[in-house]
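One-letter residues, chain by chain:
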Amino acid sequence: MSRRALWAGVVVAVAVAAVPVATSAFGAGSVTAQFTATSDWGTGHEVRVTVANGSDATVSTWRIEFDLPAGTAISSSWDADVTRTGDHYVAVKKSWAGSLAPGASQTWGYIGAGAFRAPLNCTINGASCGGGVVPTTAPPTTGTPTTAPPTTPPPTTPPPTTPPPAGGKKVVGYFVQWGVYQRQYFVKNIHTSGSAAKMTHILYAFGNVTNGQCAIGDSYADYDMAYTAANSVDGVADTWDAGALRGSFNQLRKLKKMYPHLKVIWSFGGWTWSGGFGQAAQNPTAFANSCYNLVEDPRWADVFDGIDIDWEYPNACGLTCDSSGPNSFKSLMSALRSRFGASSLVTAAITADGSSGGKIDAADYAGATASLDWFMPMTYDYFGAFAPQGPTAPHSPLTSYAGIPQQGFWSDAAIQKLKSKGVPASKLLLGVGFYGRGWSGVTQSAPGGTATGPAPGTYEQGIEDYKVIKNRCPATGTVGGTAYAFCGGQWWSYDTPGTIGGKMTYAKNQGLGGAFFWELSGDTTNGELITAVKGGLG
């Protein structure tokens, strides 16, 4: 998205602890519940609970009751209705989840505060679990996870997914085409990390905008790169048969077959390729026709469910300046909706500049509401080492704080401004960055310090993946609803599972349509951040 280079990352292993719960009798055979701590970062943890029907009868509903020891508590959950009384919890099957046939299983999960501790006094459907919880012989990680091999490797196949209920919050994430090169992040990783089961939509970034038309961004990565069996989503290598689709497009096709609830949207523009939108705005109909013909190309028409426009920025300056006027964005979106029709998704990533007279004020975003399924204000990259001397400030603050360098440069300011202009809250998604921004030459831990330049990053100065920076420079404080870290003269800001939980609570309280994030490869191999997004939205 904004100011994003072709960066790559390394894998950081996270220790995993499994805690099997004893079974309760239910007909002939038994129904079991297994609690698996899939991640533990000391101040919080993620747990996956698998309910398996080992009986010979269909189970129409289930109710799990258990206690959590003092010092830990559930902060958010998903795929079950969870209530709490003191340290006692009750988890009940969602109404939209189907019955459990003999031999079938369902999963739900939660984010817990504090280090992982085993649940106690578990019962299923009122029957004793037969001895309570049996603790694992391998204790959960406490403190900062290391890069040592995990106790149990992440599963190669995530648990079966149930499509989100109708009207649920959207969980939308970007997959970047250049990630298949240096970063070695393939569509397969969306599957193996468990992220595909938690997402509702994938945005494929980016298509180019040139000569007033939509164009292919990278033909080799998009549809020509031949995948080996090891790198393919389904373990099947690509062929060189005439007309065979390869590349990420074919991998996305395979992923959608595995996860039928997933929708894929092709995103055009971005920080680097937004310069072509001005010319496109001169003839919106011709632009829309070119985009439709490309997205609906017979070679990959089944892959994409719509189009996303990431114009940085209409009638304002980004990498280049646009002077197409305040109505150009509305006109372009109207033409796209007319061409793509009501059955396709048309979305837009937009500025999150909430300052008076800023970029939100430069274009008629509200006027495009009828044409768009949702807006994604890019509520990150507010501050960073593109101002190399500082002052240090979080790149994705949710709220203002004393000493923030620029008025209106925080998420809530953008959301409130867009709502005040007439954009419905339900059509706004909150943005989250799966990366940090940092400075070097900093002498104070609190925000507002001076710096000498950007901090070193794996592939670009001043930027680092969450999965790397969480260990290299662990968070030391929070400000404006996000986290920051001070270590060895470096100052970084990034979101953690805890701060994402707070942001998702905000999104729910504001009635927003959900959340989106940039981008998938920045997360841990077991999807720590996307789990917090999904769990926080409920």
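Remember, it's a predicted structure, so these values are computed and weren't measured experimentally. (Residues numbered from 1 in each chain as written. Predicted model: local features only at pLDDT ≥ 70, side-chain atom pairs only at ≥ 80, totals over all residues. Heavy atoms only, no water.)

J.: What is the right way to look at the overall build of the protein chain in this model?
T.: When helices and strands are counted, the protein chain shows 12 helices and 26 strands. The buried share of the protein chain, reckoned over its 538 residues, is 57%. Across the protein chain, every contact between residues at least 6 apart in sequence was considered, and the portion connecting residues at least 24 apart equals 75%. For the protein chain, the exposed surface amounts to about 19,100 Å²; the carbon and sulfur share of it is 53%. (Helix = DSSP H or I, 4+ residues; strand = E, 2+ residues; numbered from the N terminus. Buried < 20%, exposed > 50% of the residue type's maximum accessible area, 1.4 Å probe, protein only. Contact = heavy atoms within 4.5 Å. Areas by Shrake-Rupley, 256 points an atom, 1.4 Å probe, with all protein chains shown as cover.)

J.: I keep staring at the pattern of salt bridges and nothing clicks. Help me out?
T.: Should their charged atoms come close, side chains of opposite charge can pair. One pass over the full model with this rule turns up 14 salt bridges. Residue Glu464 is joined to Arg472 by a salt bridge in which the shortest nitrogen-to-oxygen separation is 3.0 Å. Of the residues examined, Glu464 reaches a relative accessible area of 2% and is grouped as buried. Arg472 sits in the partly exposed class, given a relative accessible area of 37%. As a salt-bridge pair, Glu528 and Lys470 come within 3.0 Å of each other at their nearest N and O atoms. Taken together, the residues Glu528 in helix H12 (residues 528-537) and Lys470 in helix H10 (residues 466-472) connect sequence positions 58 residues apart. In terms of burial, Glu528 and Lys470 fall into one category: buried. (Salt bridge = Lys/Arg side-chain N within 4 Å of Asp/Glu carboxyl O.)

J.: I tried to follow the side chain of Asn208 on my own but got confused; where do I start?
T.: Counting through the fold element by element, Asn208 comes out in strand S13 (residues 201-210). Excluding residues within four positions of it along the chain, Asn208 makes contact with Gln213, Cys214, Ala215, Ile216, Gly217, Phe268 and Trp273.

J.: Looking at this structure, how should I read the pairing of strand S9 (residues 105-113)?
T.: Regular strands place their side chains on alternate faces of the sheet. Most of S9 sits inside the fold, with 7 of its 9 residues counted as buried. Here strand S4 (residues 44-53) pairs with S9 via 9 bridges, running antiparallel. Each residue of the ladder has a partner; that of Thr50, found in S9, is Thr107. (Pairing = 2+ DSSP bridges.)

J.: I keep staring at the nonpolar core and nothing clicks. Help me out?
T.: Among soluble globular proteins, nonpolar side chains are generally buried collectively. Counting 101 residues, the largest nonpolar core has Ile190, Phe287, Ile307, Phe329 and Leu336 as its most contacted members. Counting residues per element, this core draws most heavily on helix H7 (residues 328-340), at 6 residues. Not counting the four nearest positions on each side in its chain, Phe287 is found in contact with Val209, Gly212, Gln213, Cys214, Phe277, Ala280, Ile309, Leu332 and Leu336. (Core = buried A, V, L, I, M, F, W, Y, C linked by side-chain atoms within 4.5 Å.)

J.: Hey, could you run me through helix H3 (residues 247-258) in this one?
T.: Note on helix geometry: an α-helix contains 3.6 residues per turn, so any two residues three or four positions apart are oriented the same way. The end-to-end C-alpha separation of H3 is 17 Å, in line with the 16 Å expected for 12 residues at 1.5 Å each. Of all 12 residues in H3, 10 are buried; the element is thus mostly enclosed. Those residues of H3 that fall on the buried side of the exposure criterion are Gly247, Ser248, Phe249, Asn250, Gln251, Leu252, Arg253, Lys254, Leu255 and Lys256. Where the residues of H3 are buried, they touch strand S12 (170-176), helix H1 (187-192), S13, helix H2 (219-224) and strand S15 (263-269). (Expected span 1.5 Å × (residues − 1).)

J.: Can you help me understand the confidence of the model for the protein chain in this one?
T.: Interpretation of this model should avoid reading the predicted coordinates in detail wherever pLDDT is low. Residues with a pLDDT of 70 or more make up 86% of the protein chain, whose mean pLDDT is 87. Overall, residues 1-28 carries pLDDT values under 50, and its contacts beyond four positions in sequence, including any with other chains, amount to 130 contacts. Note that residues 131-167 has pLDDT below 50 and, in this model, 66 contacts with residues that lie over four places away or in other chains. (pLDDT = per-residue confidence, 0-100.)

J.: Would you take a moment to explain the state of the cysteines for this structure?
T.: Note on terminology: disulfide describes a covalent bond linking the sulfur atoms of two cysteines. What the rule picks out here adds up to 3 disulfides. In this model, Cys214 is linked to Cys291 through a disulfide, with the two sulfur atoms separated by 2.0 Å. Linking Cys214 and Cys291, the disulfide has an S-S dihedral of approximately 70° and is accordingly described as right-handed. Of the two residues, Cys214 is situated in strand S14 (residues 213-215) and Cys291 in helix H6 (residues 284-295); the sequence distance between them amounts to 77 residues. In this model, Cys317 is linked to Cys321 through a disulfide, with the two sulfur atoms separated by 1.9 Å. Disulfide Cys317-Cys321: torsion about the S-S bond near 105°, hence right-handed. When the cysteines engaged in disulfides are numbered in sequence order, the protein chain pairs them as 1-2, 3-4, 5-6. (Disulfide = S-S within 2.5 Å.)

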